[in-house]
Amino acid sequence: MEINKVKIQKILIFFALNLISLKFILIADDYIFANLNLNNMWEFIFNNQGTETWSIKNGRYLGNTIGILLSMTYKLNYLKPIRGIFMGSGIFILILLCSKLSNLETDKSFIISTLLILLAPVSIYREVYSWTSAYVNYLLPSVLFLTILLMVDNFINKKNKINYQDIIFIGLLGISCQLFMENITIYIFSFSLILLIISYFKYKNILKLTMTLCINSLIGMVIMFSCKGYRQINTDGYRNINIGNITNIINSIIGNGLAMIDFIIMDNFILVSLILIVCLFIIKYNTNKNKFFIISISVSIIYMLFINFVFEIKGIDINQFPKMLRIIKYFLNCIFSINIIGTLIYTIFKFIEEKTLKNKLYFYCISIGIVSMPLIIIYPIATRCFFICYVFLIIICMNLLSYAIKYKIININGLSIIPIILVTIILINKYYIFNIINYQFKEIISYTEEQMVNKNINTIVVPDFKYKEYIHIDITSFIGFLYYHNTPNDIKFKTIDRDKWEEIANNK
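In this text, all values refer to a predicted model and were calculated from it rather than measured experimentally.

Chemist: Please clarify how the nonpolar core should be interpreted in this entry.
Modeler: As a rule of thumb, soluble globular proteins bury nonpolar side chains together. Ranked by internal contacts, the top residues of the largest apolar core, which has 148 residues, are Y129, L139, L146, I396 and L400. For this core, the element with the most residues is helix α17 (residues 387-406), which contributes 17 residues. Beyond its immediate chain neighbours, meaning those up to four positions away, I396 contacts I275, L344, L361, Y364, C365 and I368.

Written out as structure tokens, the structure is:
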């Protein structure tokens, strides 16, 4: 009976995610992709031949190809649903993989995995879930890598028999994973190399599998970084690597390090708080000397809540504050981040008695550091660059929770309805938000196209989106829109109040 309930949950959530993703609009780069065709897209991807002022200058060949094909469906009404269904299905598969990689019971793991994926901060909805160009380069490699992890886990811990189909499949995954995002490419090759060394000494039964993965991930990495666009870094007006001198390197490490604390820990306030709460239950169960942890965890959660309320919910810009206050804020971020990381590591080291689980938790913690490391000297970086870290945190949380439930440290049997209710509320909320965004988008596009008919017009007024925090675009910078409609570059967009715009639009 439980299995049937889980199947029903999966079907309902699958359709709900697809209903939401069908409301996602094309944003920025997506329009440039949509303007391509099958004849010129290959030049655009592989030879860095783009528009007059914009071209792809990276080796994300698979991600860009999928992004272009999905964006091109925008031109044909009967193909438009493909993009939404693809994106919704990808999020659903990610939920399944996180569920499988936890040790939670079947009737709990899926709904909790769904809840944690949906509880992502607004910045992840804006920069990963709903933006096609980012979705394909950040979410898809996460899905592919988790698939590799699940296969390796099954072969090592569950002693599944390896056949040639498995070797071929993991070889394809090994190459495919490397053609999306640079830091993930470096991380996966490092992972496969270490795994090969470990398997040589300890797991001879999977040596063929790990060797195939390592060789193919190396081939994929070579393909990616052979792109000539990487030789133009620091000259292409967008990406920079601060390695000019020791001062630049130090400044980059400090600046990016502080930004990473925000992206990985502070912005993921809800998920990190849940991890800390589970850690506290485990610590309290194992020792009476827990006053320090109760206080430190409580203060850490309150601090993260305060930071998110001020800078995310209220939208206050930190740069508005005097330099001294900014320094204090960054200093406190560092202190509380060290406390949070220390609490997690201490819990794993001291109280997780199952060796296999302990090693898994260490692996995910170390992976967050390794996958982030290449970004320490790259500019710019953003939330989307650390999406895979959010996924690793979800798996850490679910495995800790699994341990706490197994040893009766936490009892959630009577609370099983709560995740279902929360998931339902969040899904309805996200559908409402993206439906409004979709409606406003069509309204603005229709008005703008009518204005473009007038050859004498050089400024088009547009309103800001309601829920604009969910959209990765400044409405006045519709560069993708300009390219898609082949409009003159001297047409400018100006933002005005929505009420005033509606008066203008209604009286046009």
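Chemist: Explain the pattern of salt bridges to me, please; I cannot follow it from the model alone.
Modeler: Opposite charge on two side chains permits them to pair, given that their charged atoms come into close proximity. Tallying each qualifying case throughout the model produces six salt bridges. For R60, the salt bridge identified is with E182, shortest N-O distance 2.9 Å. With R60 in the loop between α3 (41-46) and α4 (61-72) and E182 in helix α10 (residues 182-201), this pair connects stretches of sequence that are 122 residues apart. With respect to class, R60 is no different from E182; both count as buried. Of the charged contacts in the structure, one is a salt bridge between E127 and R126, with a shortest N-O distance of 3.9 Å. Taken together, the shared-partner salt bridges connect R126, E127 and R384 into one network.

Chemist: Looking at this structure, I do not really get the packing of helix α13 (residues 269-286) against helix α15 (residues 323-351). What am I missing?
Modeler: Describing two packed helices takes the angle between their axes plus the distance from one axis to the other. In contact at an axis separation of 10 Å, α13 and α15 are set at 40° when each is read in the N-to-C sense. With respect to α15, the element α13 is oriented oblique. Crossing angle aside, the handedness with which α13 passes α15 is left-handed. Touching V272, I275, L276, C279, I282, I283 and N286 of α13 are I340, T343, L344, Y346, T347 and F351, all from α15. Within the contact of α13 with α15, the residues separate by chemical class into ten nonpolar, three polar and no charged.

Chemist: Would you explain the packing of aromatic side chains in this entry?
Modeler: Any aromatic ring pair is given by two values, namely how distant the centres are and how the planes are angled relative to each other. Counted according to the given criterion, the structure contains 25 aromatic pairs. Arranged with centres 6.3 Å apart and planes meeting at 65°, the rings of F86 and Y135 form a pair that is edge-to-face. With F86 in helix α5 (residues 80-100) and Y135 in helix α8 (residues 132-157), this residue pair connects regions lying 49 residues apart in the sequence. The exposure class assigned to Y135 is buried, which follows from its relative accessible area of 0%.

Chemist: How should a nonpolar patch on the surface be read in this particular structure?
Modeler: Residues M324, L325, I327, I328, F331, L332 and I335 make up a contiguous nonpolar surface patch of roughly 630 Å² in combined accessible area. Structurally, F331 can be placed in helix α15. On the basis of relative accessibility, which here comes to 52%, the residue F331 falls in the exposed class.

Chemist: Please clarify how α15 should be interpreted in this entry.
Modeler: The periodicity of an α-helix, 3.6 residues per turn, causes residues three or four places apart in sequence to face the same way. For α15, with 29 residues, the first-to-last C-alpha span of 42 Å sits near the 42 Å given by 1.5 Å per residue. Residues K329, N333, F336, S337, I340, T343, L344, T347, I348 and F351 constitute the buried set of α15.

What counts, and at which threshold
Residues numbered from 1 in each chain as written. Predicted model: local features only at pLDDT ≥ 70, side-chain atom pairs only at ≥ 80, totals over all residues. Heavy atoms only, no water. Core = buried A, V, L, I, M, F, W, Y, C linked by side-chain atoms within 4.5 Å. Buried < 20%, exposed > 50% of the residue type's maximum accessible area, 1.4 Å probe, protein only. Helix = DSSP H or I, 4+ residues; strand = E, 2+ residues; numbered from the N terminus. Contact = heavy atoms within 4.5 Å. Salt bridge = Lys/Arg side-chain N within 4 Å of Asp/Glu carboxyl O. Axes fitted to C-alpha atoms, helices over the stretch in contact; angles between N-to-C directions. Parallel < 35°, antiparallel > 145°, perpendicular 65-115°, else oblique. Left-handed = near helix turned anticlockwise from the far one by under 90°. Nonpolar A, V, L, I, M, F, W, Y, C, P; charged D, E, K, R; others polar. Phe/Tyr/Trp six-rings, centres within 6.5 Å; stacked < 30°, edge-to-face > 60°. Patch = residues over 30% accessible without salt bridge, like charges linked within 9 Å, V, L, I, M, F, W, Y side chains within 5 Å. Areas by Shrake-Rupley, 256 points an atom, 1.4 Å probe, with all protein chains shown as cover. Expected span 1.5 Å × (residues − 1).

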